[in-house]
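Residues per chain are reported as follows:
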Amino acid sequence: MDLTFSDSELAFRDEFRRWLADNQPDPAPPGADEDALFGWRRAWQRRLYDAGWAAPQWPVEYGGRAASLTESAIYFEELGRARAPMSANVLGVLLAGPTIMQWGTPEQKERYLAPILSGEEIWCQGFSEPDAGSDLAALKTRAVKDGDRWVITGQKVWTSGAQYSKWCMLVARTDPSVAKHKGLTYFLMDMEQPQVQIRPLRQITGEAEFNELFLEEAIIPDENVVGGVGNGWMVALTTLMNERAGLGFALQVRLRHLLDDLFAAAAEQGLLDDPRYADELAELHIRCETIRLMAWKGLSAVEKYGQPGPEGSLVKWLWSDTNQRLTQLAADVVGPEALTAGTRWSYELLRARGNTIEGGTTEVLKNIVAERVLGLPRLKAAA
Ligand SMILES: Cc1cc2nc3c(=O)[nH]c(=O)nc-3n(C[C@H](O)[C@H](O)[C@H](O)COP(=O)(O)OP(=O)(O)OC[C@H]3O[C@@H](n4cnc5c(N)ncnc54)[C@H](O)[C@@H]3O)c2cc1C
């Protein structure tokens, strides 16, 4: 693994760094509610888009800069350095866009990609169901063909950002008579129809980031099938691979900033020389560096072998565990303020609980590492 940047990578970094210095993101509006915060992230995405920086990793023909994987990682590191917010349409840019680019028809690419990049049309991911999360292929939402359209009935859950979304990446069962991975189809579903009901789920943080979706004979035209009927599992894997690869890098950068802030808070409280805190802070620093290097190693593997290795699972597992430890220590450092609703550290502490569930639970990631990295035997499900 070579962590030295080439001249062109350095030029890319400097250009974006200069742009960020001249276009610093506005700070989050103080005391803003969820809608206002979403508006703030949307305005930031628009500024990136207007300057051609919304998704440099996208091909030039779709509004990107054809950035290499390394440049794309540099991009996320620089966004993190500038403490820029996550784009409003993060699921559209990182998940839906690349999936449509790989599997979509020319008409779908023409129709959907540009408004994803500009943030005009927000996207959500309708995968998980009450009885299908880790075992996604067990999903039950049905899609029944009716002439040149599909009628969708079922329930999705944990659908982040559905309340702001125009479109949903929806996986539904189109053939219940074949093996569970084979009877699925991937659809682009218009959220703006009365047959799609969105009910917010309030989290421990107090915000309702995600939702339940009730689909009662929702309509999807045939032209919104992606990758062919019965091929939904393969298309969904593309979305999931992009989820881990794209978000992984952004997350480790944010972790570093949170740790920097914790160091500052510990210094303010005069705790840096207290061995109990110093030891824990040092451990967190080492973990952060390990995660950063592992994320870069994962990138090298993709560049070398053309596909992601197990590093993505290790990074996700270590990141979620470290973020929980970090925010727990922050509560000790900051004291009662970190346990007071509405403060920044209390939000971080509570939000970190979901980290070991979202995007693949820690138990499932451990299975992947056990089986695919350590070569341990597969766990046989109890009869
Ligand atoms: C903040 C957040 C945002 C989310 N956003 C979205 C979204 O936008 N769209 C979407 O579709 N989903 C979303 N999800 C859902 C997420 O992908 C699922 O919660 C996750 O995949 C786990 O599925 P589940 O909740 O059904 O739990 P289950 O799969 O039912 O798991 C329950 C428990 O059993 C364990 N378990 C399951 N299988 C195994 C196994 N084989 N071996 C060992 N242990 C196992 C799990 O680790 C877990 O502890 C979000 C979740 C969170 C927390």
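Above this text is the structure in question.
Since this is a predicted model, take the numbers as computed values, not measurements.

## Considerations on the overall build of the protein chain
Piece 1. Scanning the protein chain from terminus to terminus reveals 10 helices and eight strands.
Piece 2. Here the C-alpha atoms of the protein chain give a radius of gyration of 21 Å, agreeing with the 21 Å that 2.2 N^0.38 yields for 383 residues.
Piece 3. Projecting the C-alpha coordinates of the protein chain onto the three principal axes gives extents of approximately 70 × 50 × 45 Å.
Piece 4. Considering the protein chain as a whole, with its 383 residues, one finds that 46% of them fall into the buried category.
Piece 5. Taking all contacts inside the protein chain whose residues are at least 6 apart in sequence as the whole, residues at least 24 apart take part in 71%.
Piece 6. Accessible area for the protein chain stands at about 18,900 Å²; split by element, carbon and sulfur atoms hold 54% of it.
Piece 7. For the protein chain, the separation between the mean place of its 40 positive charges and that of its 53 negative charges on side chains is 4 Å.

## A closer look at the packing of helix α7 (residues 275-305) against helix α8 (residues 311-334)
Piece 1. Running from N to C, α7 and α8 cross one another at 160 degrees; their axes reach a closest spacing of 10 Å. Relative to α8, α7 is oriented roughly antiparallel. Relative to α8, α7 is oriented so that their crossing is left-handed.
Piece 2. Within the contact of α7 with α8, the residues separate by chemical class into 14 nonpolar, three polar and eight charged.

## Quick word on the pattern of salt bridges
If the charged atoms of two oppositely charged side chains come close together, the side chains can form a pair.
Piece 1. Taken as a whole and assessed by the stated rule, the structure comprises 30 salt bridges.
Piece 2. A salt bridge links R325 to D321; the nearest nitrogen and oxygen atoms lie 3.3 Å apart. In this pair, R325 and D321 are both assigned in helix α8, four residues apart and thus about one turn of the helix distant.
Piece 3. With relative accessibility at 40%, the residue R325 sits in the partly exposed group.
Piece 4. Residue D321 is classed as partly exposed on the basis of its relative accessible area, which comes to 26%.
Piece 5. Because the salt bridges share partners, they merge into one network encompassing R83, D261, R344 and E348.

## Thoughts on the site of the ligand
Piece 1. Near the ligand you find 17 residues, and of these Q125, S134, W158, T361 and E363 are the closest.
Piece 2. Surface burial for the ligand is 67%, taken as the share of its 970 Å² of free accessible area covered by protein chains.
Piece 3. Broken down by element, the shell around the ligand gets its largest block of residues, three residues, from helix α10 (residues 362-373).
Piece 4. Here the shell around the ligand is built from residues that sort into five nonpolar, nine polar and three charged.

## Let's talk about empty space enclosed by the protein
Piece 1. As enumerated under the stated definition, the model contains one cavity of 30 Å³ or more in all.
Piece 2. Around the largest cavity, the lining comprises 18 residues; the ones closest to its centre are Y75, F76, L79, M86 and S87.
Piece 3. Residue composition of the lining of the largest cavity, by class: 14 nonpolar, three polar and one charged.

## Focus: the environment of A84
Piece 1. Residue placement: A84 occurs in the loop between α3 (69-81) and α4 (90-103).
Piece 2. A residue is classified by how much of its surface remains accessible, and A84, at 2% relative accessible area, is buried.
Piece 3. Taking C-alpha positions, A84 is 9.1 Å from R41, a pair spaced 43 residues apart along the chain.
Piece 4. Excluding its chain neighbours within four sequence positions, the residues that come into contact with A84 are P25, W44, L79 and R254.

Criteria and thresholds
- Residues numbered from 1 in each chain as written.
- Predicted model: local features only at pLDDT ≥ 70, side-chain atom pairs only at ≥ 80, totals over all residues.
- Heavy atoms only, no water.
- Helix = DSSP H or I, 4+ residues; strand = E, 2+ residues; numbered from the N terminus.
- Rg over C-alpha atoms; globule rule 2.2 N^0.38 Å.
- Buried < 20%, exposed > 50% of the residue type's maximum accessible area, 1.4 Å probe, protein only.
- Contact = heavy atoms within 4.5 Å.
- Areas by Shrake-Rupley, 256 points an atom, 1.4 Å probe, with all protein chains shown as cover.
- Lys, Arg positive; Asp, Glu negative; His and termini not counted.
- Charge placed at Lys NZ, Arg CZ, Asp CG, Glu CD.
- Axes fitted to C-alpha atoms, helices over the stretch in contact; angles between N-to-C directions.
- Parallel < 35°, antiparallel > 145°, perpendicular 65-115°, else oblique.
- Left-handed = near helix turned anticlockwise from the far one by under 90°.
- Nonpolar A, V, L, I, M, F, W, Y, C, P; charged D, E, K, R; others polar.
- Salt bridge = Lys/Arg side-chain N within 4 Å of Asp/Glu carboxyl O.
- Near = heavy atom within 4 Å.
- 1 Å grid on protein atoms, 1.4 Å probe; cavity = no way out; pocket = protein on both sides within 12 Å on 5 of 7 lines; lining within 4 Å.
- Points joined across faces, edges and corners; volume = space filled by probe spheres on them.

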